[in-house]
Amino acid sequence: MENDIASYLDALKRDACYRVVRVLKEAPHETTEVVCFAGANDAELGPFVRKRIKREACMGAAYPAIMAAQRAGARFRHLPRIEDCYERDDELVVIMEYVRGETLHETVYRRDPSLDLTREVFPQLCDAVTELHEGFDPPLIHRDLKPGNVILSEGNLTLIDFGIARAYREGAEGDTASFGTRAYAPPEQFGYGQTDVRSDVYALGMLLYYLLTEEVPSPRLAGGAFDEPGVPVALRPVLARATAFDPAARYPSVRALCEAFMAACAGPQVPGASAMAQGASEVPGALPAWTGGGVGGGSRIPTAGEAAVAPVFAGRPEHLGVSGPEGAGAARAAAGEPPRRNGGKGAARTVAAFVLAALFLMGGIGEALDPKAGSSMAQYAPSVRWIGVIAVELIFVAVFYPLADRRWLGRQLGRTLPRPGRTALALVAVGLALFALMMALNGDFVA
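Residues numbered from 1 in each chain as written. Predicted model: local features only at pLDDT ≥ 70, side-chain atom pairs only at ≥ 80, totals over all residues. Heavy atoms only, no water.

An order of E1-E2-E3-E5-E4 is seen for the five strands of this open sheet, with the pairing classed as antiparallel. What marks the edges here is a single partner per strand, and that holds for strand E1 (18-26) and strand E4 (82-88). Taken over all neighbouring pairs, the strand axes of this sheet differ in orientation by 25 degrees on average, direction set aside. Bridge count for strand E3 (residues 44-54) against strand E5 (residues 91-97) is seven bridges, and the pairing is antiparallel. Looking at the pairing, Arg52 lines up with Val93 of E5. Its contacts with the sheet put helix H2 (residues 62-71) on E3, E4 and E5, and the angle it makes with E4 is roughly 135 degrees. (Pairing = 2+ DSSP bridges. Helix = DSSP H or I, 4+ residues; strand = E, 2+ residues; numbered from the N terminus. Axes fitted to C-alpha atoms, helices over the stretch in contact; angles between N-to-C directions. Contact = heavy atoms within 4.5 Å.)

As structure tokens, this is what we get:
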């Protein structure tokens, strides 16, 4: 009893040391927050990520295992640093490194799906999962590999969210609970048997398909021929085997999957394969072949050629010329790949939206400078009219911005543009506020 009380009081003290900056996710079984450690002298460290996981959910067992390995001296390139794990009331509390970057979903959206991007990302993704499988005994199975759980930062890739990760148990007939994202999770994860390393092989196969097409995979793809645009012929057998319904028909390990991927990319049926075979540093985004080594024998050994490869996150002109004639567009053309699928339509749609916005703005300016007799704007003083013009224009931009191609426009500007939904709401809110201001000033500033 005394030990329990002491542990509880210790947990309270540790919790009190953290200040919540913002809440990232709230779910019935888990809350994820960004926190800072507040010291006694008001100094702060961080930010960190704090997860509060309900005990009744039977989740989060992988976090203490990763922390124990890290404190024992294991070094993982693709896993976040776990700073602390403790229990409080009915929760497991995990404090871990805050990984800056963007999700795989955001990277693929910003850069478009392509073989170049796949060559950059997929071997690193295989490395990351191999750290879980070969760096622990028994292996840790992630069970929730999806674009939102992969963070790409400058020069590195990090796996996150190990809430439903579990250790493989010899002789078990099935998992104790069925979780995961349907599009990427294998059949055995939903009651067909126990998950093992081949379950993550399945998810990696689906992620490979996503990298090539930007399409969310559906169960009908599993074990199919993957005879679809955007999927090179040489990679279709790799995808088919990785996502076979029967785990015994899949690649036996992530290492085997990555070797098959690299071999297929070096084949004559893949655009740019001859250049890739000459050296990874000669093709932007091409990584050297899987060579083994590292933690648990599962991580790729960096080579001199890899140092010349631009980081995955570097999609902006100051890092990697993806917008100009010397950038990734030229590399794809030289490799015989088709142009990005949304380039022409995205440009036309965005330019058309801007032209409409410009015409509307010119009409508003004309009405502000010389309002027509009898118009509602004629009753306002010129200064107040301009407020109305700006308000209407902001609301109009809020309408056309979601219709424009944010991805194409962002490449021209060399930056990632904010999501349309929140931006549109913000513009409408500002526009309405300006309208309210105009109405309030009406009595004082009439023409």
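Back to the write-up after that little detour.
This next bit is on a nonpolar patch on the surface. Among the surface-exposed residues, Val351, Val355, Leu356, Leu359 and Met362 lie close enough to one another that they form a single nonpolar patch of about 490 Å² accessible area. Mapped onto the elements of the fold, Val355 is located in helix H11 (residues 343-369). (Patch = residues over 30% accessible without salt bridge, like charges linked within 9 Å, V, L, I, M, F, W, Y side chains within 5 Å. Areas by Shrake-Rupley, 256 points an atom, 1.4 Å probe, with all protein chains shown as cover. Salt bridge = Lys/Arg side-chain N within 4 Å of Asp/Glu carboxyl O.)

Moving on, we come to the pattern of salt bridges. Counted by the stated rule, this structure contains 19 salt bridges. The salt bridge partner of Asp116 is Arg119, with a shortest N-O separation of 4.0 Å. Within this pair, Asp116 and its partner Arg119 are both found in helix H4 (residues 115-134), separated by three residues, close to a single helical turn. Put simply, Arg198 and Asp196 hold a salt bridge, and the shortest N to O gap is 2.7 Å.

A few words now on the environment of Leu207. Looking at where Leu207 falls in the secondary structure, it is placed in helix H5 (residues 197-213). Excluding residues that lie within four positions of it along the chain, Leu207 makes contacts with Leu104, Leu125, Leu145, Lys146, Pro147 and Tyr184.

Bringing the state of the cysteines into the picture now. Inspection of every chain in the model, using the stated rule, returns zero disulfides. Cys265 takes part in no disulfide bond, and the closest cysteine sulfur, belonging to Cys258, lies 9.2 Å away. (Disulfide = S-S within 2.5 Å.)

Let's shift gears to the sheet that holds strand E6 (residues 102-103). Strands in a sheet are paired, the pairing made by backbone hydrogen bonds, and the direction either parallel or antiparallel. Strand order in the open sheet formed by three strands is E6-E8-E9, with antiparallel pairing between adjacent strands. Each of the sheet's edge strands pairs with one partner strand only, and the pair in question is E6 and strand E9 (156-159). Where strand E8 (residues 150-153) and E9 come together, four bridges link them in antiparallel fashion. Within E9, the position partnered with Ser153 by the bridge is Asn156. Taken strand by strand, H4 contacts E8 and E9, and its axis lies near 45 degrees from that of E9.

How two aromatic rings sit relative to each other is given by the distance of their centres and the angle of their planes. By the definition in use, this model includes five aromatic pairs. Here the aromatic rings of Tyr18 and Phe37 are separated by 5.5 Å at their centres, their planes lie at 75 degrees, and the arrangement is edge-to-face. Of the two residues, Tyr18 sits in strand E1 while Phe37 sits in strand E2 (residues 30-38), which places them 19 residues apart along the sequence. Taking the relative accessible area as the measure of exposure, Phe37 reaches 28% and is therefore partly exposed. Consider the rings of Tyr63 and Phe162, whose centres lie 6.0 Å apart with planes at 80 degrees: the pair is edge-to-face. Of this pair, Tyr63 sits in helix H2 while Phe162 sits in the loop between E9 and strand E10 (166-167), and the two are 99 residues apart along the sequence. Assigned by exposure class, Tyr63 and Phe162 land together as buried. (Phe/Tyr/Trp six-rings, centres within 6.5 Å; stacked < 30°, edge-to-face > 60°. Buried < 20%, exposed > 50% of the residue type's maximum accessible area, 1.4 Å probe, protein only.)

Next up on the list: the nonpolar core. Membership of the largest hydrophobic core comes to 69 residues, with the highest contact counts inside it found for Phe122, Leu159, Phe162 and Leu204. The element that contributes the greatest number of residues to this core is H5, accounting for eleven residues. If we skip the residues at most four places from it in the chain, Leu159 touches His78, Leu79, Pro80, Leu125, Ala128, Val129, Leu132, His142, Leu145, Asn149 and Val150. Residues Val35, Phe48, Tyr86 and Val93 belong to the second largest nonpolar core, which totals six residues. (Core = buried A, V, L, I, M, F, W, Y, C linked by side-chain atoms within 4.5 Å.)

All right, on to the packing of H4 against H5 then. Viewed as axis vectors pointing N to C, H4 and H5 meet at an angle of 165 degrees, and their least axial separation amounts to 10 Å. It follows that H4 is roughly antiparallel to H5 by the angle criterion. Seen from above, H4 lies across H5 with right-handed handedness. Of the residues in H5, those in contact with Leu115, Leu117, Thr118, Val121, Phe122, Leu125, Cys126, Val129 and His133 of H4 are Val197, Asp200, Leu204, Leu207, Leu208, Leu211 and Leu212. Residue composition of the contact of H4 with H5, grouped by class: 13 nonpolar, two polar and one charged. (Parallel < 35°, antiparallel > 145°, perpendicular 65-115°, else oblique. Left-handed = near helix turned anticlockwise from the far one by under 90°. Nonpolar A, V, L, I, M, F, W, Y, C, P; charged D, E, K, R; others polar.)

Everything listed here is a matter of geometry and, on its own, says nothing about what the molecule does.
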